[in-house]
2 protein chains.
Amino acid sequence: MTTRIDPQDVPGRPCSLSAALQIVGDRWALPAIREVMLGNHRFRQIARNTGAPTDRLAARLKALVESGILERRPLPDDARYSGYYLTAAGRDLGAITRELIGWGDRWVVTDPPSRIRHRDHELVAHTVCKTCGEQVHGKDVHRDELTPGWNQSGSLESPEM
Amino acid sequence: MTTRIDPQDVPGRPCSLSAALQIVGDRWALPAIREVMLGNHRFRQIARNTGAPTDRLAARLKALVESGILERRPLPDDARYSGYYLTAAGRDLGAITRELIGWGDRWVVTDPPSRIRHRDHELVAHTVCKTCGEQVHGKDVHRDELTPGWNQSGSLESPEM
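In this report, the structure presented in the accompanying data block is examined. As the structure is a prediction and not an experimental result, all values here were calculated from the model.

1. Here we look at the sheet that holds strand E3 (residues 114-118) of chain A
Part 1: Read across the open sheet, the 3 strands follow the order E4(A)-E3(A)-E6(B); overall the sheet is antiparallel. With partners counted over all chains shown, the strands left at the sheet margins are strand E4 (121-122) of chain A together with strand E6 (141-145) of chain B, one partner each.
Part 2: Relative to E4 of chain A, E3 of chain A runs antiparallel, the two sharing 2 bridges. Its bridge partner being in E4 of chain A, His 118 of chain A is matched across the sheet by His 121 of chain A.

Dropping the structure here:
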């Protein structure tokens, strides 16, 4: 990120989820990033494959470049034009897009329109905790607030009415 | 989902990412789900802890109930009122919210405002492929299109101009 966000400045609970959504929470951001991940670097490819209105897409890609998620570089096959490429922060969105695709496959669509492959076999992803080596289940995961004045229930300074 | 989405009906590439974002891609959807995950089931708790405008939040929660992500049930401590609870599809969003928090911690915020704990130790999550048992790296993951007429580059029927 060129300028990092102070978590106290997001609305409500100081949280990296809200901060992340300020960067990639727009309707067209993750579909555009998906296209760049698939190797589609030209504006017109991204526009066609996301279905985004070109004016909104142009504004969103500009914001993603300014945030340090995408960068513009000359296209290898035609250096007169530049394309959109992922930065390290952008490449690090791979797990999020895969999780959203998996959730959509399980709960939203009539039939999965794609299959995610790991090398030569189907990817069956599960999350493991490196500290203990065990598979992670939601019931064993807890969030500790590091911001003074906040706990799970909310702000201690303006408690629920 | 009460009514599943035909992936051919999303804009651009038929994709479960775009379909998933039609349900949870709104600015306030995932922060609201985060609050319910943290045990905050009342409307006023969710409003305060997300910072969402109450009219937009009410519309979004209604849509999440209609989509089958949340359900309303009487509050255990005051059965005159109902609160918002996660369905199985909503609970299955846990990994996505954790991934977004981790990405925000790494790339967006000045200092992480929370820590995710796995039982009694810090969660250091990594993704493993159940099929082969190995850790998953983005470079080994590929997407196969199952929709006739589409490949990685886009639609074969309306090729790039």
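2. Describing the environment of Gly 102 of chain A
Part 1: As for its placement among the helices and strands, Gly 102 of chain A is situated in helix H6 (residues 94-107).
Part 2: In sequence terms Gly 102 of chain A and Asp 78 of chain A are 24 residues apart; their C-alpha atoms lie 35 Å from each other.

3. Quick notes on the side chain of His 126 of chain A
Part 1: Considering the arrangement of structural elements, one finds His 126 of chain A in strand E5 (residues 125-129).
Part 2: On the accessibility criterion, His 126 of chain A (15% relative accessible area) is buried.
Part 3: Reaching out from His 126 of chain A, the side chain makes a polar contact with the side chain of Gln 135 of chain A at a distance of 3.2 Å.
Part 4: The contact partners of His 126 of chain A, leaving out residues within four places of it in the chain, are Gln 135 of chain A together with His 126, Thr 127, Val 128 and Lys 130 of chain B.

4. As for the relation of the copies chain B and chain A
Part 1: Least-squares fitting of chain B to chain A yields an RMSD of 0.0 Å, with the transformation described by 0.0 Å of translation along the axis and a rotation of 180°. The relationship between the two copies is best expressed as a two-fold rotation axis. Taking the C-alpha atom as reference, chain B places Thr 127 of chain B closest to the rotation axis, 2.3 Å from it.
Part 2: Most of the interface of chain B is mirrored in chain A, where 100% of its interface residues are also at the interface.

5. Notes on helix H1 (residues 16-24) of chain B
Part 1: Burial analysis of H1 of chain B places 8 of its 9 residues in the buried class, which makes it a mostly covered element.
Part 2: Within H1 of chain B the residues assigned to the buried category are Ser 16, Leu 17, Ser 18, Ala 19, Ala 20, Leu 21, Ile 23 and Val 24 of chain B.
Part 3: Buried residues along H1 of chain B sit against helix H2 (29-37) and H6 of chain A together with helix H2 (29-37) and helix H4 (54-66) of chain B.

6. Notes on the interface of chain B and chain A
Part 1: The interface of chain B with chain A comprises 96 residues on the first partner and 96 residues on the second.
Part 2: With its nearest N and O atoms 2.9 Å apart, the salt bridge here joins Asp 144 of chain B to Arg 117 of chain A.
Part 3: Broken down by element, the residue count for the side of chain B that touches chain A peaks at 12 residues, all from helix H6 (residues 94-107) of chain B.
Part 4: Considered class by class, the residues forming the side of chain B that touches chain A number 43 nonpolar, 27 polar and 26 charged.
Part 5: Pairing of strand E6 (residues 141-145) of chain A with strand E3 (residues 114-118) of chain B, which is carried by 5 bridges, proceeds in the antiparallel orientation. From the neighbouring strand, Val 141 of chain A faces E3 of chain B, where its bridge partner is His 118 of chain B.

7. Comments concerning the pattern of salt bridges
Part 1: On inspection of all chains with the given rule, the structure shows 30 salt bridges over all chains.
Part 2: The residue Asp 77 of chain B makes a salt bridge to Arg 42 of chain B at a minimum N-O spacing of 3.8 Å. Here Arg 42 of chain B lies in the loop between H2 and helix H3 (43-50) and Asp 77 of chain B lies in the loop between strand E1 (70-75) and strand E2 (78-86), a separation of 35 residues in the sequence.
Part 3: The closest approach of N and O atoms between Glu 71 of chain B and Arg 73 of chain B, which form a salt bridge, is 2.9 Å.
Part 4: On the accessibility criterion, Arg 73 of chain B (36% relative accessible area) is partly exposed.
Part 5: Taken together, the shared-partner salt bridges in this structure form one network comprising Arg 13, Arg 143 and Glu 145 of chain A together with Arg 34 and Glu 35 of chain B.

8. Some words on the nonpolar core
Part 1: Counting residues in hydrophobic clusters, the biggest one holds 76 residues, and the most contacted among them are Val 24, Leu 100 and Trp 103 of chain A together with Val 24, Leu 100 and Trp 103 of chain B.
Part 2: In contact with Trp 103 of chain B, other than residues within four places in its own chain, are Ala 20, Ile 23, Val 24, Ile 69, Ala 89, Asp 92, Leu 93 and Ile 96 of chain A together with Val 108 of chain B.

9. Side note on the sheet that holds E6 of chain A
Part 1: The strand order across the open sheet built from 3 strands is E6(A)-E3(B)-E4(B), with neighbouring strands paired in antiparallel fashion. Every interior strand has two partners, whereas the edge strands, E6 of chain A together with strand E4 (121-122) of chain B, have only one.
Part 2: This element, H6 of chain B, spans E6 of chain A together with E3 of chain B of the sheet and lies at about 135° to E3 of chain B.

10. A short note on the pairing of strand E5 (residues 125-129) of chain B
Remark: a regular strand shows side chains that alternate across the two faces of the sheet.
Part 1: Where burial is concerned, most of E5 of chain B is hidden: 4 out of the 5 residues are buried.
Part 2: Here E5 of chain A pairs with E5 of chain B via 5 bridges, running antiparallel. Looking at the pairing, Val 128 of chain A lines up with His 126 of chain B of E5 of chain B.

11. Details of the packing of H2 of chain B against H3 of chain B
All names here are of chain B.
Part 1: Between H2 and H3, the least distance of the axes is 9 Å, while the angle of their chain directions is 120°. Between H2 and H3, the crossing angle belongs to the class labelled oblique. Both H2 and H3 take part in a crossing whose hand is right-handed. On H3, the residues that touch Pro 31, Ala 32, Arg 34, Glu 35 and Val 36 of H2 are Ile 46, Asn 49 and Thr 50.

Thresholds applied
Residues numbered from 1 in each chain as written. Chains lettered and ligands numbered in written order. Predicted model: local features only at pLDDT ≥ 70, side-chain atom pairs only at ≥ 80, totals over all residues. Heavy atoms only, no water. Pairing = 2+ DSSP bridges. Helix = DSSP H or I, 4+ residues; strand = E, 2+ residues; numbered from the N terminus. Buried < 20%, exposed > 50% of the residue type's maximum accessible area, 1.4 Å probe, protein only. Polar contact = N/O pair within 3.5 Å; in protein donor to acceptor, adjacent residues only side chain to side chain. Contact = heavy atoms within 4.5 Å. Least-squares fit on C-alpha atoms with pLDDT ≥ 70 in both. Salt bridge = Lys/Arg side-chain N within 4 Å of Asp/Glu carboxyl O. Nonpolar A, V, L, I, M, F, W, Y, C, P; charged D, E, K, R; others polar. Core = buried A, V, L, I, M, F, W, Y, C linked by side-chain atoms within 4.5 Å. Axes fitted to C-alpha atoms, helices over the stretch in contact; angles between N-to-C directions. Parallel < 35°, antiparallel > 145°, perpendicular 65-115°, else oblique. Left-handed = near helix turned anticlockwise from the far one by under 90°.

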